[in-house]
Amino acid sequence: MTDTIQLAHGSGGLENQQLIHDLFFTAFDNPVLAAGEDAALIEGGRLAVSTDSFTVSPLFFPGGDIGTLAVAGTLNDVAMRGARPQHITVAFIIEEGVKMNMLIRIINSMREELAVSGAQVIAGDTKVVPRGVIDQLMINTTGFGTIVSDCNTRRIAAGDHLIISGDIARHGACIFAAREEIAIKGLTSDCCTLWPAIAPLLEAGLDVHAMRDATRGGISAVFNEWAQQTGLNFNLHEDNIPVSSEVRGFAEILGIDPYILACEGVFVMAVAAQDSAAVINLLHRHGHPRAALVGAVETTQGTATVLLHSAYGTKRRLEYPSGEILPRIC
Amino acid sequence: MKAADTLLQMVRSTDAIRAFAKRIEIDAAQLKKPLRVMEVCGGHTHAILQYGLDQLLPQSVKLIHGPGCPVCVLPQHRIDAAINLAWRPNTILVTLGDMIRVPGSQGISLQQTRAAGADVRYVYSPLDCLAIAADNPDKNIIYVAIGFETTTPMTALLLEQTQSKQLNNLFFHCNHVLVPQAMERILAAGGAVDAFIAPGHVSVMAGAKQYQHLAEKYRTPVVISGFEPVDLLDAVLRIINQVNSGVAEVDNAYSRFVKTAGNHKAQQLVATYFEPHDDFLWRGIGRIPGSALKLRSTFGDRDAEVQFPESCPAPTEEKPGNCLCGLILMGLAQPTDCPLFADGCTPQNPQGSCMVSNEGACAAYYKYRRES
């Protein structure tokens, strides 16, 4: 481990994962935590719990704000476990001097986003810190939901089909562009609550094995984590991965791989092959028209890897994201 | 962004890629001996590995990776200088993104220097320094300028505006290097390369003309290429055809952006503010006369090396240890030849700069090709 915490330790990539495993998993070791899923199961496997802290600059961005994120992000983690989001706690840490109007705007966004899943805020906390201690506002939320069908990484099997629910990297590209003050017309965050898309799949009894929302580290982090945890190969067909022209343009200009950029309203699924067409069909009908079959899981003799296949017959590794995301020099 | 989609569909067309690959296979069968083509630019190296273009070439055509990665060729004493400058009192150190990752001689990078408390920032456009300098009148802003011919005009423009706005708190630490001089060093050393794919963005600025003397003097084909699969395969095919015809000339396969004379305005800006640096040390390659640019002496009051000499250590030749970066930058070894590759040298714990820089050949192999 390094002597100091670097930004890379929080970026959802390799350093982040190492910190979690080497420090937190070791210190707090127990079977529930060790499962390493987006949401933990307690109460005999009936209740899914997930917690997340939100710090984003700028607080308001095209397509949402920190309030939208704090609700959708945590409830999505609960939903990814196959649980219906029902309750959420909210803790605010606010910098002295923040405008009341701004806080009200964020609270209203949270209320609107809660209405999408019907989840309720059941507890909260407020702390105000002196000017300069933090940058405006941070929010921590913890979500709870009841299990409908336990989806988890251990259920992923060779032969599973891999589905991505929509065009990727919009949130990451949007925030990066806002920070760099690069105006790209039509580039908005994909931030949204995913439960309305997931409920129909679970209610239809489709054989969904695992789901992950592709937040920090993007789809690259999800597939690489799955490869490491399952010991299986993940083969992806590059041409099938949905990317909007706005994100494509942004990524090309800055030399950043869209696969490592965060999504906040797009998730990745491993499903039984015979059900993949039905899953995609339902996603299309429930607000995710770009959902697509992107690849399949297979066994491996060597080290489990994520491979991207081109339409012209070449292949390459999709590497676990690492380090801070930096634009190229030229 | 629809225009971007249309352009990308053309230059990444599966049919076109397959057609070029087929044609290369047919024409390469006429080669009398194996052909070693060096792509000079790190951006090309990454594109080749990202798209797997080397997998489409016959065995007789081998791509060799060159020194065109500005961070890779920067010697440690210049990174040490940037770190020392960042620790000066009342200082904001600004540079381009890729630069903050590379460790100096003490194994510390600008990224770690920032985490330890120094004010280190990266910008996408050097002109962002103007706002930083205006917003922080009580601080010294030191811009660590880096890059080949592509980024030098931006530094020159920043200096021009710094002068016109009379921002007396903005200084420059210049690390701008030149491509043809590095190519000539490789050719003069001999033996590694039969032809060059010349950089695209560099040539947009400097023009196709800057390789003319190399093609003639060393009888070596030079084809300028863009960064897309179709561009690069087109460049390889043109090289094969030159070799088969016994020709060695400069050819422009990136004519949608590159002109023979280049960007005249950019060249004028550079000439106004910069002069050749007589004694620039390249990492792993050594000293190459006239291969870098420094601020003209009339702008000494802007030059961090003149204003803060105590922070800028003298050039020192580095001992490479087991790291093969020097040979890799010269085209004499491939990343996977290095005993440290992926085993003791990774992007998280780099031993050489070819692994740490985004544009480095080792980083590209690690990212796209690592076996385990």
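Residues numbered from 1 in each chain as written. Chains lettered and ligands numbered in written order. Predicted model: local features only at pLDDT ≥ 70, side-chain atom pairs only at ≥ 80, totals over all residues. Heavy atoms only, no water.

Helix and strand counts for chain B come out as 16 helices and 13 strands. Relative to its length of 372 residues, chain B is compact, with a C-alpha radius of gyration of 21 Å against a globular reference of 21 Å. Summarising its shape, the C-alpha atoms of chain B cover approximately 65 × 45 × 45 Å along the three principal directions. Expressed as a percentage of the 372 residues in chain B, the buried residues total 60%. Considering only residue pairs separated by 6 or more positions, chain B has 77% of its internal contacts joining residues 24 or more positions apart. (Helix = DSSP H or I, 4+ residues; strand = E, 2+ residues; numbered from the N terminus. Rg over C-alpha atoms; globule rule 2.2 N^0.38 Å. Buried < 20%, exposed > 50% of the residue type's maximum accessible area, 1.4 Å probe, protein only. Contact = heavy atoms within 4.5 Å.)

As a further point, take the overall build of chain A. In terms of regular secondary structure, chain A is built from nine helices and 14 strands. Whereas a compact globule of 330 residues would reach a radius of gyration of roughly 20 Å, chain A reaches 19 Å, a difference of no more than 12%. When the backbone C-alpha atoms are referred to their principal axes, chain A occupies close to 55 × 55 × 45 Å. Across the 330 residues in chain A, those meeting the buried criterion constitute 55%. Within chain A, contacts between residues separated by at least 24 positions form 84% of all contacts whose residues are at least 6 apart in sequence.

A few words on a nonpolar patch on the surface. A contiguous nonpolar patch, built from A:Ile20, A:Leu23, A:Phe24, A:Phe28 and A:Leu33 and spanning about 420 Å² of accessible area, is present on the exposed surface. With respect to the helices and strands, A:Leu33 occurs in helix α2 (residues 31-34). (Patch = residues over 30% accessible without salt bridge, like charges linked within 9 Å, V, L, I, M, F, W, Y side chains within 5 Å. Areas by Shrake-Rupley, 256 points an atom, 1.4 Å probe, with all protein chains shown as cover. Salt bridge = Lys/Arg side-chain N within 4 Å of Asp/Glu carboxyl O.)

Residue and element names in this part refer to chain B. Counting buried residues along strand β3 (residues 91-96), six of its six residues qualify, which places the element largely inside the surrounding structure. Both faces of β3 are covered, namely the face carrying Thr91, Leu93 and Thr95 and the face carrying Ile92, Val94 and Leu96. Pairing of β3 with strand β5 (residues 140-147) involves five bridges; the strand directions are parallel. Across the sheet, residue isoleucine 92 finds its bridge partner in β5, namely isoleucine 141. The sheet contact formed by β3 and strand β4 (residues 119-123) spans five bridges and is parallel. When the sheet's bridge partners are listed, leucine 93 is paired in β4 with valine 120. (Pairing = 2+ DSSP bridges.)

Moving on, we come to the domain arrangement of chain A. Residue and element names in this part refer to chain A. For chain A, the assigned domains are domain 1 (35-147) and domain 2 (153-317). One C-alpha centre belongs to domain 1, the other to domain 2; they are set 23 Å apart. With both chains or domains summed, domain 1 and domain 2 bury close to 2,100 Å², and 57% of this area falls on carbon and sulfur atoms. Linking domain 1 with domain 2 are three salt bridges, by the criterion used here. At the junction of domain 1 and domain 2, the tally comes to eight residue pairs in polar contact (both at pLDDT 80 or more). Elements that contribute at least two residues to the side of domain 1 that touches domain 2 include exactly α3 (66-80), β5 (83-95) and α4 (100-117). If you tally residues by element for the side of domain 1 that touches domain 2, the top one is α3, at eight residues. (Domains from an automatic or database assignment. Buried area = accessible area lost by both parts, 1.4 Å probe. Polar contact = N/O pair within 3.5 Å; in protein donor to acceptor, adjacent residues only side chain to side chain.)

With that out of the way, let us pick up the environment of A:Arg111. All names here are of chain A. Inspection of the secondary structure assignment puts arginine 111 in helix α4. Given the relative accessible area of 59%, arginine 111 is considered exposed. Each C-alpha atom, one on arginine 111 and one on threonine 68, is 8.6 Å from the other, the two residues being 43 residues apart in sequence.

Think of two packed helices as two axes; the pair is described by the angle between the axes and how far apart they sit. All names here are of chain B. Contact geometry for helix α3 (residues 42-51) and helix α16 (residues 361-369): axes closest at 9 Å, N-to-C directions at 15°. Between α3 and α16, the interaxial angle falls into the category roughly parallel. As for how α3 packs across α16, the hand of that crossing is right-handed. Residues Thr45, His46, Ile48, Leu49 and Gln50 of α3 form the contact with α16, whose participating residues are Ala361, Ala363, Ala364, Tyr365, Tyr368 and Arg369. Class assignment of the residues belonging to the contact of α3 with α16 gives a composition of seven nonpolar, three polar and one charged. (Axes fitted to C-alpha atoms, helices over the stretch in contact; angles between N-to-C directions. Parallel < 35°, antiparallel > 145°, perpendicular 65-115°, else oblique. Left-handed = near helix turned anticlockwise from the far one by under 90°. Nonpolar A, V, L, I, M, F, W, Y, C, P; charged D, E, K, R; others polar.)

We now examine the sheet that holds strand β12 (residues 292-298) of chain A. Residues and elements named next belong to chain A. Read across the open sheet, the seven strands follow the order β9-β11-β8-β12-β10-β13-β14; overall the sheet is mixed. Two strands close off the open sheet at either side, each with one partner strand: β9 (208-213) and β14 (315-317). With direction set aside, neighbouring strand axes in the sheet form an average angle of 25°. Where strand β13 (residues 306-309) and β14 come together, three bridges link them in antiparallel fashion. Within β14, the position partnered with leucine 307 by the bridge is arginine 317. Contacts from α3 reach β9 and β11 (267-271) within the one sheet, and its direction differs from that of β9 by about 165°.

Before going further, it helps to spend a moment on the interface of chain A and chain B. In this complex, chain A contributes 35 residues to the contact, which on the side of chain B involves 44 residues. Taking both partners together, chain A and chain B bury about 3,500 Å²; carbon and sulfur atoms supply 54% of that area. Of all residues in chain A, A:Tyr312, A:Arg317 and A:Ile329 bury the most surface against chain B, accounting for 23% of the area lost on that side. Viewed at the interface, chain B and chain A are joined by three salt bridges. On the surface where chain A and chain B come into contact, there are 13 residue pairs in polar contact (both at pLDDT 80 or more). Breaking the side of chain A that touches chain B down by element, the ones donating at least two residues are α1 (14-27), α8 (245-254) and β14 of chain A. Tallying contributions element by element places α8(A) first for the side of chain A that touches chain B, with seven residues. By residue class, the composition of the side of chain A that touches chain B is 15 nonpolar, seven polar and 13 charged.

Bringing the state of the cysteines into the picture now. Residues and elements named next belong to chain B. This model, assessed by the stated rule, comprises one disulfide over all chains. Note on cysteine connectivity: cysteine 69 is disulfide-linked to cysteine 72, with sulfurs 2.3 Å apart. Torsion about the S-S bond of the cysteine 69 and cysteine 72 cystine: about 70°, corresponding to right-handed handedness. Across the pair, cysteine 72 and cysteine 69 agree in class, each one buried. Looking at the unpaired cysteine 362, the closest cysteine sulfur is the one in cysteine 354, lying at 4.7 Å. (Disulfide = S-S within 2.5 Å.)

Attention now moves to unusual backbone geometry. Note the cis peptide between A:Ser57 and A:Pro58, where omega equals 0°. Of note in the backbone geometry, A:Glu43 takes a positive phi value of approximately 55° without being a glycine. Relative to the assigned elements, A:Glu43 resides in the loop between β1 (40-42) and β2 (47-54). Here the phi dihedral of B:Asn90 falls at roughly 55°; this positive angle occurs in a residue that is not glycine.

A few words now on α3(A). All names here are of chain A. Here α3 is 15 residues long and its end C-alpha atoms lie 21 Å apart, about the 21 Å a rise of 1.5 Å per residue gives. In terms of burial, α3 is a largely internal element, 15 of the 15 residues being buried. Among the residues of α3, the N-terminal cap falls to aspartate 65, whose side-chain oxygen and the backbone nitrogen of glycine 67 are separated by 2.7 Å. (Expected span 1.5 Å × (residues − 1).)

All right, on to the environment of B:Ala333 then. Residues and elements named next belong to chain B. Residue placement: alanine 333 occurs in the loop between α14 (325-329) and α15 (353-356). Residues alanine 333 and isoleucine 64, 269 residues apart in the sequence, show an inter-C-alpha distance of 8.3 Å. Discounting chain neighbours no more than four positions away, the residues touching alanine 333 are Leu324, Leu327 and Ile328.

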